[in-house]
2 protein chains.
Amino acid sequence: MKFEDIPTPAVYRLSFYLRQLEAFQKGDKHTISSKQLGDALGYTDAQVRKDLAYFGQFGHPGIGYRVEELISQLRKILGTDKVWNVLLVGAGNLGRALMAYHGFLRKGFRLAAVFDADPSKVGQEFGELKIESMDRLAAVAGEEKIKLAIMSVPADAAQAVADKLVAAGIRGIMNFAPVSVSVPADVSVQGVDLAVQLEQLSFKMSLAGAEVQMESGK
Amino acid sequence: MKFEDIPTPAVYRLSFYLRQLEAFQKGDKHTISSKQLGDALGYTDAQVRKDLAYFGQFGHPGIGYRVEELISQLRKILGTDKVWNVLLVGAGNLGRALMAYHGFLRKGFRLAAVFDADPSKVGQEFGELKIESMDRLAAVAGEEKIKLAIMSVPADAAQAVADKLVAAGIRGIMNFAPVSVSVPADVSVQGVDLAVQLEQLSFKMSLAGAEVQMESGK
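Summarised in this report is the structure supplied together with it. The model shown is predicted, which means the values in this text are computed figures rather than measured ones.

Here we look at unusual backbone geometry
Residue and element names in this part refer to chain A.
- Positioned with a positive phi, D28 is a non-glycine residue whose angle comes to about 65°.
- For D28, the position within the fold is in the loop between α1 (8–26) and β1 (31–32).
- Residues other than glycine seldom take positive phi values, yet K145 does so here, at roughly 50°.
- Among the structural elements, K145 can be located in the loop between α7 (137–143) and β7 (148–151).

As structure tokens, then:
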């Protein structure tokens, strides 16, 4: 099977399995069954086995999964067995929240550079990071071999920034702007639309009422 | 079909369809085909028809979809045909970014109150919002009939805050803390783990290399 044929939700669940395995590891648990892993996340054991089977054969008969081993295999699959250098464009409130977020490095991502179009922000320091001007983007991305970028810029700046990132050799973009951007086919974009997340919640919260209506409309 | 039986990814795509339809509406487009809607988002027309069919019969023979009509139907399904009052706990950088984010109201969500555990932040004003102390949470949620909450708090505070939200009558929580929280079965939690999004990108970016390995390993 080609990785491209694996359903996107299964790849998402891989991240959640990894997160849960890391929690087991912290709790000094060294082997687990698919049922234990599923129970912790609200999935059936069959779902866990099916998801993992897309990526390889990880279990050991009579033992289950070895936690450390499965963690390192999942990290390899997700590409986080090495540390990715990431650059950030946009040092507004959200950008600063991302700069202060210590979870990235633990997950294999290192914020290596920050850029902003606002001259009054250029030169400001945040820990080891100094905000640089947009003119420096291509040079820094090249020097530090950065392939991943996070955009936390206003909607009306998003496409122009995406174009600059692509021109600078960036191949993966996490886009927080509430708008989609066009990129060449060999560049991946992961949009993070916060309103979409809220809509999913309001959908779930509307479920009870909707079902009553559907039932009574039979 | 019960709404609970609809695959979660189809509900996600509903948000993207809605977003694209709103863009068509802005562009003064009043009818569209499933192919046009799919093309704009990178889905096949069959996918579009299948996804929408979970929720109802929306097309008109020989016309396609009426944009305004489909928008209002999707909003109704997603529960955003009315405005939800939302409260926010945690007025750090991320919380302030969320307060400054103007996309919510347009999508049917109104930030009605903000709380923080830090006494030095209580009383600070952001536009029409004033940060309130955590002691006020239950009272304000009750007065304003708030059922949805956003948590942008540190990992070690997340469970205690979630417990307070549930006790205050909150039924949907968007969790930005990089940790899962336990809630009763009738409360929905939408976790937003930024590292998961980055992992999905690094997976896609690792695809090319991985496929070469798989091919040569045949």
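Continuing now.
Topic: the sheet that holds strand β9 (residues 188–191) of chain A
Residue and element names in this part refer to chain A.
- The strand order β5-β6-β4-β3-β7-β8-β9 describes an open sheet built from seven strands, whose pairing is mixed. Two strands close off the open sheet at either side, each with one partner strand: β5 (125–126) and β9.
- Where β7 lies against strand β8 (residues 172–175), four bridges are found, and the strand directions are parallel. Looking at the pairing, L148 lines up with G172 of β8.

Examining the sheet that holds strand β3 (residues 84–89) of chain B
All names here are of chain B.
- Taken in spatial order, the seven strands of this open sheet run β5-β6-β4-β3-β7-β8-β9, and their pairing is mixed. Across the chains shown, the open sheet's two edge strands, defined by having one partner strand only, are β5 (125–126) and β9 (188–191).
- The pairing of β5 with strand β6 (residues 129–133) spans two bridges and is antiparallel. Each residue of the ladder has a partner; that of F126, found in β6, is L129.
- Against the sheet, helix α8 (residues 155–167) touches β3, β7 (148–151) and β8 (172–175), its axis set at about 165° to β7.

Points about the nonpolar core
- Counting residues in each nonpolar core, the largest one holds 48 residues, and the members touching the most others are I150(A) and I150(B).
- In contact with I150(A), other than residues within four places in its own chain, are V86(A), L87(A), L88(A), V89(A), L98(A), F104(A), M174(A), F176(A) and L198(B).

A word on the environment of A141(A)
All names here are of chain A.
- Structurally, the position occupied by A141 is in helix α7.
- A relative accessible area of 3% places A141 in the buried class.
- Measuring from C-alpha to C-alpha, the distance between A141 and A112 comes to 9.3 Å, with 29 residues separating the pair along the chain.
- Excluding its chain neighbours within four sequence positions, the residues that come into contact with A141 are L87, I146 and A168.

Description of the pattern of salt bridges
- Scanning the model with the defined rule gives 22 salt bridges over all chains in all.
- Connected through salt bridges with shared partners, the residues R19(A), E22(A), R75(A) and E199(B) form a single ionic network.

With respect to the side chain of R19(A)
- Examined against the element boundaries, R19(A) turns out to sit in helix α1.
- Under the relative-accessibility criterion, R19(A) is labelled buried at 17%.

With respect to the interface of chain A and chain B
- Contact residues are listed per partner, giving 61 residues for chain A and 61 residues for chain B.
- Surface buried jointly by chain A and chain B totals about 5600 Å² across both partners, of which 69% is contributed by carbon and sulfur atoms.
- Together, L198(A), E199(A) and F203(A) form the three largest contributors to the area buried by chain A at its contact with chain B, with a combined 12%.
- The interface formed by chain A and chain B contains two salt bridges.
- Put simply, E199(A) and R19(B) hold a salt bridge, and the shortest N to O gap is 3.2 Å.
- Our enumeration of links across chain A and chain B arrives at eight residue pairs in polar contact (both at pLDDT 80 or more).
- Every element with two or more residues in the side of chain A that touches chain B is listed here: α1, α4 (67–78), α5 (93–100), β7, β8, β9 and α9 (194–216) of chain A.
- The greatest single-element share of the side of chain A that touches chain B, amounting to 18 residues, is contributed by α9(A).
- Taken together, the residues of the side of chain A that touches chain B sort by class into 36 nonpolar, 13 polar and twelve charged.

Reading guide: rules and limits
- Residues numbered from 1 in each chain as written.
- Chains lettered and ligands numbered in written order.
- Predicted model: local features only at pLDDT ≥ 70, side-chain atom pairs only at ≥ 80, totals over all residues.
- Heavy atoms only, no water.
- Helix = DSSP H or I, 4+ residues; strand = E, 2+ residues; numbered from the N terminus.
- Pairing = 2+ DSSP bridges.
- Contact = heavy atoms within 4.5 Å.
- Axes fitted to C-alpha atoms, helices over the stretch in contact; angles between N-to-C directions.
- Core = buried A, V, L, I, M, F, W, Y, C linked by side-chain atoms within 4.5 Å.
- Buried < 20%, exposed > 50% of the residue type's maximum accessible area, 1.4 Å probe, protein only.
- Salt bridge = Lys/Arg side-chain N within 4 Å of Asp/Glu carboxyl O.
- Buried area = accessible area lost by both parts, 1.4 Å probe.
- Polar contact = N/O pair within 3.5 Å; in protein donor to acceptor, adjacent residues only side chain to side chain.
- Nonpolar A, V, L, I, M, F, W, Y, C, P; charged D, E, K, R; others polar.

Purely geometric numbers; function is a separate question.
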